[in-house]
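Here are the chains, one letter per residue:
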There are 2 protein chains.
Amino acid sequence: MERFKLVLQYDGKDFCGFQIQPNKRTVQGEVEKALEFLLKEKVKIYASGRTDAEVSALAQVAHFDTEKCVDEKKLEASLNAILPEDIAVTSVQKVDNSFDARFSVKRKTYQYRFYVSRYELPLLRGRALRINDYADVSLMNKACKFLLGEHDFKSFVARKSGKTDFVRTIYDAKIVELDDGMFAFEITGNGFLYNMVRIIFGTLIQVGYKKIEPSKVKDIIDAKDRTKAGKTMPAFALVLKNVEYL
Amino acid sequence: MERFKLVLQYDGKDFCGFQIQPNKRTVQGEVEKALEFLLKEKVKIYASGRTDAEVSALAQVAHFDTEKCVDEKKLEASLNAILPEDIAVTSVQKVDNSFDARFSVKRKTYQYRFYVSRYELPLLRGRALRINDYADVSLMNKACKFLLGEHDFKSFVARKSGKTDFVRTIYDAKIVELDDGMFAFEITGNGFLYNMVRIIFGTLIQVGYKKIEPSKVKDIIDAKDRTKAGKTMPAFALVLKNVEYL
């Protein structure tokens, strides 16, 4: 048995998320179907984590095992030839059997993309969330520093999450400028809770709109109470930027 | 009579170009229709220049004259409320009658967007041209310096152009890195000939693929012969980035 690491890019728009579900179009479903067609055997892929419906990935990582003899470059080319145009495999690499795309994750980085304008902008619509032009992005950036370090993020988790351990470490969090007047809230951590980035961004928007002070983010973390944080912002503007391993 | 300057952003994908044409969907047609609806009078807009079918603009500039009493902010809001989602007006500003969106142009900047990959990438497809991964972007950047200054660009104009004066001045030309692994050939000049940026980029690709040396660009300019330059690259990856005035 050989283990292979896949790096996947996908546009989340037309997917019901990463995880396979019956009668739904999912990233996992499409990739497994393509692998099964090429390898002529049942294949299961394991990703660094699921992404929700509409969430995109620049570089999601997954692994799979196969008994078949696989040439990395040929498999990469064949997969890209048969995968739908909203998924690409940017790398196929043979890895040690101890590598686990989910459990060996060291750091993940997400971007929540947005822009500040009174009107929807044609070149950003569908890719970034519009927030009103009275938002102060520098205040949002100031609030980011209160996220750094190890915290219990219970205030920033969807209530339906089945988790009981809400402690995560955030290594970096800041507002970055992208092209065409777009910004992103970029956050790197050892892991993220269900809807965590989208809820944190909903809270940062309140800071931007001066409804709460930047330092209030610290109090919201300390409260461990979902009702103190902001709304869960829409999924389409969230991008899994990269996944780093030990 | 008052003159107003409009700044327009549009996604060129579903337009048959800027210039109005009967029975075709054009940017000018949509903006004039919206202005006529709001101002209750026939309005003609004059842009910094046409853009071809599929070409996008981050900040195209146009002017129009009206006898009506217009509030800049109200007109901006009303226009954005009724324009289709692939056009936005990012600014409406009353200007002196001597301002002419076409004839007062000092500099224009275009970006030709591309990426280097063996496969189409889901997050860049439709927005940037894919070129093969053996292209050397640093050679393309080296070739850019031969474009700088005042030259006769007859080698880089579509043969059907009716122009006879091919002399233009290029102030800046370089390869820049954008987000998500995208690059752009960014060029600033006092004006551009028909298809000029797309033909120059077709020539730079030959440099990237090592079919010609970077310095060959100088010889191609000197030849004043369209057949010496590269192919006209597709329109969809071209963006009018901004227009500067005296």
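In this text, all values refer to a predicted model and were calculated from it rather than measured experimentally. (Residues numbered from 1 in each chain as written. Chains lettered and ligands numbered in written order. Predicted model: local features only at pLDDT ≥ 70, side-chain atom pairs only at ≥ 80, totals over all residues. Heavy atoms only, no water.)

1. Some words on the interface of chain A and chain B
If you look at the interface, chain A gives 30 residues, while chain B gives 30 residues. On the chain A side of the interface with chain B, the three residues burying the most area are A:Tyr119, A:Pro122 and A:Leu123, jointly 25% of the side's total. Where chain A meets chain B, there are 6 salt bridges. Salt-bridge contacts for A:Glu76 lead to B:Arg118; the nearest nitrogen and oxygen are separated by 3.4 Å. At the junction of chain A with chain B, the criterion picks out 13 residue pairs in polar contact (both at pLDDT 80 or more). Elements with a minimum of two residues in the side of chain A that touches chain B: strand E1 (2–10), strand E3 (56–66), helix H2 (72–82) and strand E4 (87–95) of chain A. Its residues assigned to classes, the side of chain A that touches chain B shows 14 nonpolar, 4 polar and 12 charged. (Contact = heavy atoms within 4.5 Å. Buried area = accessible area lost by both parts, 1.4 Å probe. Salt bridge = Lys/Arg side-chain N within 4 Å of Asp/Glu carboxyl O. Polar contact = N/O pair within 3.5 Å; in protein donor to acceptor, adjacent residues only side chain to side chain. Helix = DSSP H or I, 4+ residues; strand = E, 2+ residues; numbered from the N terminus. Nonpolar A, V, L, I, M, F, W, Y, C, P; charged D, E, K, R; others polar.)

2. Some thoughts on the relation of the copies chain A and chain B
The operation relating chain A to chain B is a screw motion whose rotation component is 180°, with 0.0 Å of axial translation and a residual RMSD of 0.0 Å. Within this description, the copies of the chain are treated as partners about a two-fold rotation axis. Residue A:Asp179, judged by its C-alpha, is the member of chain A lying nearest the rotation axis, at 3.3 Å. In this assembly, 100% of the residues forming the interface of chain A have copies in chain B that are likewise at the interface, indicating an isologous arrangement. (Least-squares fit on C-alpha atoms with pLDDT ≥ 70 in both.)

3. A short note on the pattern of salt bridges
One pass over the full model with this rule turns up 37 salt bridges over all chains. For B:Asp172, the salt bridge goes to B:Lys174, with nearest N and O atoms at 2.7 Å. Each of A:Arg25, A:Glu30, A:Lys33 and A:Asp86 takes part in salt bridges that share partners, so that together they form one network.

4. Brief notes about the packing of helix H1 (residues 27–39) of chain B against helix H2 (residues 72–82) of chain B
Residues and elements named next belong to chain B. Orientation of H1 relative to H2, taken along the N-to-C sense of each, is 120°, at an axis distance of 10 Å. By the angle between their axes, H1 is oblique relative to H2. In this structure, H1 meets H2 at a crossing whose hand is right-handed. Seen from H1, the contacting residues are Ala 34, Leu 35, Phe 37, Leu 38 and Leu 39; seen from H2, they are Leu 75, Ser 78, Leu 79 and Ile 82. Residues belonging to the contact of H1 with H2 are distributed by class as follows: 8 nonpolar, 1 polar and no charged. (Axes fitted to C-alpha atoms, helices over the stretch in contact; angles between N-to-C directions. Parallel < 35°, antiparallel > 145°, perpendicular 65-115°, else oblique. Left-handed = near helix turned anticlockwise from the far one by under 90°.)

5. Focus on the side chain of B:Thr188
All names here are of chain B. Tracing the backbone through its elements, the reader meets Thr 188 in strand E9 (residues 183–189). A distance of 2.8 Å separates the side chain of Thr 188 from the side chain of Thr 109, its partner in a polar contact. Among all residues touching Thr 188, those that are not within four sequence positions of it are Arg 107, Lys 108, Thr 109, Thr 169, Ile 170, Tyr 171 and Asp 172.

6. Quick word on the environment of B:Glu213
Relative to the helices and strands, B:Glu213 resides in the loop between helix H4 (196–208) and helix H5 (216–223). Residues B:Glu213 and B:Lys142 lie 71 residues apart in sequence; the distance between their C-alpha atoms is 9.6 Å.

7. A few points about the domain arrangement of chain A
Residues and elements named next belong to chain A. The assigned domain composition of chain A is domain 1 (2–95) and domain 2 (107–245). Between domain 1 and domain 2 the total buried area reaches about 1100 Å² when both faces are included, carbon and sulfur atoms providing 55% of it. Scanning the region where domain 1 abuts domain 2 turns up 1 salt bridge. One salt bridge in this structure joins Asp 52 and Arg 198, with 3.1 Å as the shortest N-O distance. For the pair domain 1 and domain 2, the interface holds 5 residue pairs in polar contact (both at pLDDT 80 or more). No other element matches E3, which puts 6 residues into the side of domain 1 that touches domain 2. Of the residues contributing to the side of domain 1 that touches domain 2, the split by class is 6 nonpolar, 5 polar and 4 charged. (Domains from an automatic or database assignment.)

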